[in-house]
Every structure is written in structure tokens, then in C-alpha cells.
Amino acid sequence: MDHSNPRMLVSTDWLDKHLRDPDLCVLDGSWYLPELKRDARAEFETSRIPGSRFFDIDDISDRNSPLPHMAPPPEQFVAQIRSLGIGDGHQIVVYDGSGISSAARVWWLFRLMGHERIAVLDGGFPKWCKENRPISDLDAIDRVRHFTPRVQNQLVSHRSQVAAASQLGSAEIIDARPSERFNGNEPEPRQGLRRGNIPSSCNLPAAALVASDGTMKTAAELTKTFEAAGIDLAKPAIATCGSGVMACVIALALESLGKHDWAVYDGSWSEWGASSNDDSMKGAI
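Residues numbered from 1 in each chain as written. Predicted model: local features only at pLDDT ≥ 70, side-chain atom pairs only at ≥ 80, totals over all residues. Heavy atoms only, no water.

Points about the layout of surface pockets
By volume, the largest pocket amounts to about 520 Å³. If you trace the largest pocket, you find 23 residues lining it, with L33, S101, P178, A206 and M246 closest to the centre. Size it by volume and the second largest pocket reaches roughly 380 Å³. Looking at the lining of the second largest pocket, the element that brings in the most residues is strand β3 (residues 24–28), giving 3 residues. Its residues placed into classes, the lining of the second largest pocket shows 8 nonpolar, 4 polar and 6 charged. (1 Å grid on protein atoms, 1.4 Å probe; cavity = no way out; pocket = protein on both sides within 12 Å on 5 of 7 lines; lining within 4 Å. Points joined across faces, edges and corners; volume = space filled by probe spheres on them. Helix = DSSP H or I, 4+ residues; strand = E, 2+ residues; numbered from the N terminus. Nonpolar A, V, L, I, M, F, W, Y, C, P; charged D, E, K, R; others polar.)

Next comes the structure, spelled out in C-alpha cells:
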């Protein structure tokens, strides 16, 4: 499917045509679980879309939180984004080395901070390379730009809100982890976490939202996929996963369907699964 919405998803054709636009900022938001043994920054240094900058979701995160890559406070985000040369007037396109995965997290972070001119490259770097489009190993020139945060608190859910939704059924809690982890049949990749899921949550692995060529499924296909997972798209949605990365793929898919009443549980299972002596945990597998 050819997506060309510069506030959501753009195709490789779109990016190739706009690559020299003066207000375009391209970001590599690649991030991988340790067991994949891939070094995202090292891969970026070797090969990237021309003019792109590296967005490190572990570095641009809340330094006071014990949880992995939680959204940073606005003042920290602004300082780090400005140092990358990203400003209010930029149209941002973010990609990753998997197709559509961690780039969605970067998309969500900018949306959380109120920047709407951001899109994910549909199919990511694998599709870009497969089509023999230009790549580079040269650094972009970073010039400090003004960035104004306008935090959109409705796009993030906290533990108490998730617990309430779990108990009251006021929102669909959608878990993007693989089914084996959701069902508790495989251990979590992070030590110290229980197995299982949030009570009353639905499982929809993020990979199920992506077509065989690495691009987002069509609207009709996405709708069928959500419905097949038992998800009522008429209800508000809270997306969750292991650490708040793949949950953003759920958010991106919902947004692409024109559904705006969603939020990401930033702490996700890294927070929920670390607690065992709380009433909100009762009923989990």
C-alpha cells in the first residue's frame, strides 16, 4: 500500500522525491532487543539514508526512571532535539532497520510533544535498500533549531489509568507482544519480570499489522486484523507491549485508520510485570 501522508506514513517514493526539501529532517530511529545482537548506531554509521540523523530512544528518555526508555520530560526532550538540529518547521520522516517497529516509537514521542509534522517511512530501511535508493555514510550538518513542546497528555497512559481500564472495561487494552509471551509460555527478555498479561487485555502482535513486504497493511486489512483479535474499534484504546516500543506500532495503525482516541502505556510490561503485590495484578496469567 502506498502511504503518502506526511503526518503518519510516507512511501519510499515520497521520501525519494522530497529528500532535498529544505524543511525535511530524516531520522534513523532503529532499536533492537539485545538478543538480536544488532548495534543500531553502528549500522547507522555504516549505511543510512542521505542526510539522516540518529535518534537514540535509550538516550532521549527519562534519565530519572528505572524503566527502559520512558518518555523524557519536555525540557530534556527539547534540549536533545535542538542539539540534533530539529526544529518547529521541520517535516520529519523516521525509519528503522526492521521495516516498521521502533520508528513508530519516535513518531509517538514527537506526537506526544506536540509535533504533528512527522511520519514513519513505510517499509523502512529494508524497503529503501531493496529498491536501490541512495544511501550514504556522511554525517548531516546539525544546526541548533528552536523547538516548542506542546505536550499531548492524552497520548500517554499511566499505570493507574491502565488498572482502571482493566477493571472497568472502559478501554481496549491491546498488547503488541508475541502471543507466546502474552500467554506466559515464554519468559520475558528482561530479567525480573513475571510472565503473563494485563487482565482483560487483548493480544495483537505488532507483526500482524505489517504486510509481507514490510509495509503497513491496508485499512481494510488492518480493520479485519483488529476485529479478528477481538478488539472493539469503537472503544478507546490503550496500546502496551514489553517496554513501550512496539505498542507504538499499534498506535500508528490505529491512527492510520482515523482512530484518534488511543494512548500508549509507556511503562508497559516492564512496569506492570515487575509488580506482584498489587490488587491491580489479580487475574493476570
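Section: the side chain of T215
Within the secondary structure, T215 is located in the loop between β9 (202–203) and α8 (219–228). Assessed through its relative accessible area of 3%, T215 is described here as buried. There is a polar contact of 2.6 Å between the side chain of T215 and the side chain of D213. (Buried < 20%, exposed > 50% of the residue type's maximum accessible area, 1.4 Å probe, protein only. Polar contact = N/O pair within 3.5 Å; in protein donor to acceptor, adjacent residues only side chain to side chain.)

Focus: the environment of R145
Position of R145 relative to the elements: it lies in the loop between α5 (124–130) and β7 (156–157). If near-sequence neighbours (up to four positions away) are discounted, R145 is found in contact with R82, G85, I86, G87, G89 and H90. Within polar-contact distance, the side chain of R145 engages the side chain of H90 at 3.1 Å. (Contact = heavy atoms within 4.5 Å.)

Let's talk about the sheet that holds β9
Here we have 5 strands laid out as an open sheet, ordered β7-β11-β10-β8-β9, and parallel in their pairing. If you trace the sheet from one side to the other, it starts and ends with β7 and β9, each paired once. With 2 bridges connecting them, β7 and strand β11 (residues 262–265) associate as parallel partners. Along β11, the bridge assignment pairs V156 with V264. Strands β8 (172–175), β10 (237–240) and β11 of the sheet are contacted by helix α9 (residues 247–256), whose axis makes an angle of about 175° with β11. (Pairing = 2+ DSSP bridges. Axes fitted to C-alpha atoms, helices over the stretch in contact; angles between N-to-C directions.)

Brief notes about helix α3 (residues 74–83)
Inspection of α3 places Q76, F77, V78, Q80 and I81 among the buried residues, and these make up the whole buried set. Where α3 is buried, its residues contact α4 (102–112).

Topic: the packing of aromatic side chains
For the coordinates displayed, the defined rule picks out 8 aromatic pairs. Taking 5.5 Å as the distance between ring centres and 45° as the angle between the ring planes, the aromatic pair formed by F44 and F54 counts as tilted. Of this pair, F44 sits in helix α2 (residues 40–46) while F54 sits in strand β4 (residues 53–54), and the two are 10 residues apart along the sequence. Taken together, F55, F77, F110 and F147 form an aromatic cluster joined through their ring pairs. R48 extends its terminal NZ or CZ atom over the ring of F44, reaching a point 4.0 Å from the ring centre. Here the guanidinium or amino end of R177 rests over the ring plane of W269, the centre of that ring lying 4.6 Å away. (Phe/Tyr/Trp six-rings, centres within 6.5 Å; stacked < 30°, edge-to-face > 60°. Lys NZ or Arg CZ within 6 Å of the ring centre and 35° of its normal.)

Concerning the pattern of salt bridges
Under the defined criterion, the tally for this structure stands at 16 salt bridges. A salt bridge links D56 to R41; the nearest nitrogen and oxygen atoms lie 3.6 Å apart. Residue D56 is located in the loop between β4 and α3, and its partner R41 is located in helix α2; the two are separated by 15 residues in the primary sequence. Residue classification places D56 among the partly exposed positions, given a relative accessible area of 21%. Put simply, D13, D16, K127, E131 and R133 are held in one network by salt bridges that share partners. (Salt bridge = Lys/Arg side-chain N within 4 Å of Asp/Glu carboxyl O.)

A look at the pairing of β3
Most of β3 is tucked away, with 5 of its 5 residues classed as buried. Residue alternation in β3 divides its side chains into two sets, L24, V26 and D28 and C25 and L27, and both sets are buried. Judged from the 5 bridges that link them, β3 and strand β5 (residues 91–95) form a sheet pairing that is parallel. What sits directly across from L24, in β5, is Q91. Of the strand pairs in this sheet, β3 and β4 are connected by 2 bridges, and their pairing is parallel. Paired with L27 across the two strands is R53, which belongs to β4.

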